[in-house]
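# Overview (structure and organization)
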Amino acid sequence: MRLDGKQVALALDEATARRCEKLKEEGILPRLAILRIGQREDDLSYERGALKRCQKVGIEAGVYALPGNVAEEELLDLVEKLNRDKAIHGVLMLRPFPAHIRDERVRETLDPAKDVDGITDGSLAGVFTGTGRGFAPCTAEACLKILEHYGIDPAGRRAVVVGRSLVVGRPAAMLLLHKNATVTLCHTKTRDLPRLCRQAEILVVAAGRRGAVGAEAAAPGQIVLDVGIHMGEDGKLRGDTDFEAMEPVVEAITPVPGGVGAVTTSVLAEHVVTAARRQNP
Ligand code: NAP
């Protein structure tokens with residue numbers, strides 16, 4: 001069975017649009033600021049997706065595009081301005097920044113209340129403690145939204161997460177733990193990864209390497225969430241799993257495209273509306 005991210009996104013968007021409408025009735029227009037430096041194709045593609053999603057659910061989104069050689073101080077000034085602007089509820093910073101920009105300095109300038117993609121330490125602390133302060137990184141949360149949509153309760157299940165980045169693997173592991181899964185977090189130093197993966201009832205693959213996990217990691221009954229996005233030589237998108245090899249073995253798997261990636265901007269839109277509500281209790 002395929003877990004269809006588009007269906008999950010559709011359901012999420014409907015709920016977000018309703019919440020957005022309610023805010024508008026109260027005179028609050030949820031607004032997202034997208035901050036982009038330069039013209040990287042990955043950034044432009046994510047930006048297009050985010051703008052489309054916001055428009056669909058009724059969020060107003062604007063792009064602040066800065067030149068690739070922008071000075072760090074100018075960038076910090078803009079972030080501080082966005083922090084102060086009461087009409088803006090969420091800020092999405094497209095990263096990685098160019099090499100001359102100190103990532104941590106800029107990230108940590110952002111007000112965690114507006115950190116709708118969970119990049120600040122404040123947001124990540126909230127993910128760790130489970131207090132829900134700030135926001136979880138959208139991609140990590142998208143994994144949980146897919147499970148929830150399909151009625152798959154992680155409680156008591158063995159979950160294996162491949163990848164420990166702060167953007168996906170680590171927060172996904174924490175979110176699964178909060179849902180009472182028994183979580184194993186794997187990385188490049190993990191010994192016998194296929195054996196650990198085969199024991200997983202829920203397998204989240206965010207290794208950043210095309211086809212890093214294949215048939216040797218698959219087991220009947222497994223739910224597999226493939227977070228990876230890679231452009232194949234044939235121009236088709238592929239994930240971090242060997243989808244063709246795993247699909248016949250496992251219980252359910254997300255395709256690429258149309259899986260986790262399809263849900264990410266829906267989570268972003270939900271976060272913007274939540275931010276707008278929190279800022280206008
Ligand atoms: P990343 O920063 O490169 O991290 C990759 C992680 O996977 C690292 O922790 C690395 O371990 C581990 N790893 C790499 N190869 C491995 C292997 N063979 N076995 C075990 N662990 C391995 O990547 P990321 O930013 O987390 O992104 C992961 C994937 O998700 C990428 O394909 C990216 O394109 C995709 N992504 C998708 C979305 C979306 O919206 N769907 C959003 C963001 C990212 P070490 O720590 O030991 O190096």
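The structure under discussion appears in the preceding block.
Heads up: these notes are all about the structure in this document. (Residues numbered from 1 in each chain as written. Predicted model: local features only at pLDDT ≥ 70, side-chain atom pairs only at ≥ 80, totals over all residues. Heavy atoms only, no water.)

Further remarks concern the pairing of strand 4 (residues 158–162). In terms of burial, strand 4 is a largely internal element, four of the five residues being buried. In this view, the connection linking strand 4 to its parallel neighbour strand 5 (residues 182–186) by way of helix 7 (residues 169–178) has right-handed handedness. Two strands pair when backbone bridges link them, and strand 4 and strand 6 (residues 202–205) are joined in this way by four bridges, in the parallel orientation. Each residue of the ladder has a partner; that of valine 162, found in strand 6, is valine 205. (Buried < 20%, exposed > 50% of the residue type's maximum accessible area, 1.4 Å probe, protein only. Helix = DSSP H or I, 4+ residues; strand = E, 2+ residues; numbered from the N terminus. Right-handed = clockwise from strand over helix to strand, strands pointing away. Pairing = 2+ DSSP bridges.)

Each pocket or cavity is described by its volume, and for the largest pocket that value is around 1700 Å³. Taken together, 50 residues make up the lining of the largest pocket; nearest its centre are Asp42, Tyr46, Thr139, Ile229 and Thr264. Looking at the lining of the largest pocket, the elements with two or more residues in it are helix 2 (41–57), strand 3 (90–93), helix 6 (138–149), strand 8 (230–231) and helix 10 (260–279). No other element matches the 10 residues that helix 2 contributes to the lining of the largest pocket. In the lining of the largest pocket, the residues fall into 23 nonpolar, 13 polar and 14 charged. (1 Å grid on protein atoms, 1.4 Å probe; cavity = no way out; pocket = protein on both sides within 12 Å on 5 of 7 lines; lining within 4 Å. Points joined across faces, edges and corners; volume = space filled by probe spheres on them. Nonpolar A, V, L, I, M, F, W, Y, C, P; charged D, E, K, R; others polar.)

Pairs can form between side chains of opposite charge once their charged atoms are near each other. In this structure the tally under the stated criterion is 22 salt bridges. Measuring nitrogen to oxygen at the nearest pair gives 2.9 Å for the salt bridge that ties arginine 40 to aspartate 43. On the basis of relative accessibility, which here comes to 33%, the residue arginine 40 falls in the partly exposed class. A residue is classified by how much of its surface remains accessible, and aspartate 43, at 3% relative accessible area, is buried. Two residues, aspartate 103 and arginine 107, come together in a salt bridge whose shortest N-O distance is 2.7 Å. Remark: arginine 107 and aspartate 103 occur in helix 4 (residues 103–107); sequence separation between them is four residues, near one turn of the helix. Look at aspartate 103 and you get partly exposed, because its relative accessible area is 25%. What emerges from the salt-bridge pattern is a single network uniting Arg95, Asp103, Arg107, Glu108 and Asp121. (Salt bridge = Lys/Arg side-chain N within 4 Å of Asp/Glu carboxyl O.)

Turning next to the site of the ligand. The full set close to the ligand counts 20 residues, and Arg164, Ser165, Thr188, Ala207 and Thr264 are the nearest of them. The contact in question runs from an oxygen atom of the ligand to an N or O atom on the side chain of arginine 164, over 2.7 Å. Between the ligand and the protein, one listed contact pairs an oxygen atom with a side-chain N or O atom of threonine 188 at 2.4 Å. Burial of the ligand by the protein chains amounts to 72% of its free accessible area of 930 Å². (Near = heavy atom within 4 Å. Polar contact = N/O pair within 3.5 Å; in protein donor to acceptor, adjacent residues only side chain to side chain. Areas by Shrake-Rupley, 256 points an atom, 1.4 Å probe, with all protein chains shown as cover.)

This paragraph deals with the sheet that holds strand 5. Sheet architecture is open: five strands sit in the order 5-4-6-7-10, paired in parallel fashion. Looking at the sheet topology across the chains shown, the edges are occupied by strand 5 and strand 10 (252–253). Of the strand pairs in this sheet, strand 7 (residues 223–226) and strand 10 are connected by two bridges, and their pairing is parallel. Bridge pairing links isoleucine 223 to alanine 252 in strand 10. Of the strands in this sheet, strand 6 and strand 7 are in contact with helix 6, which crosses strand 7 at around 145°. (Contact = heavy atoms within 4.5 Å. Axes fitted to C-alpha atoms, helices over the stretch in contact; angles between N-to-C directions.)

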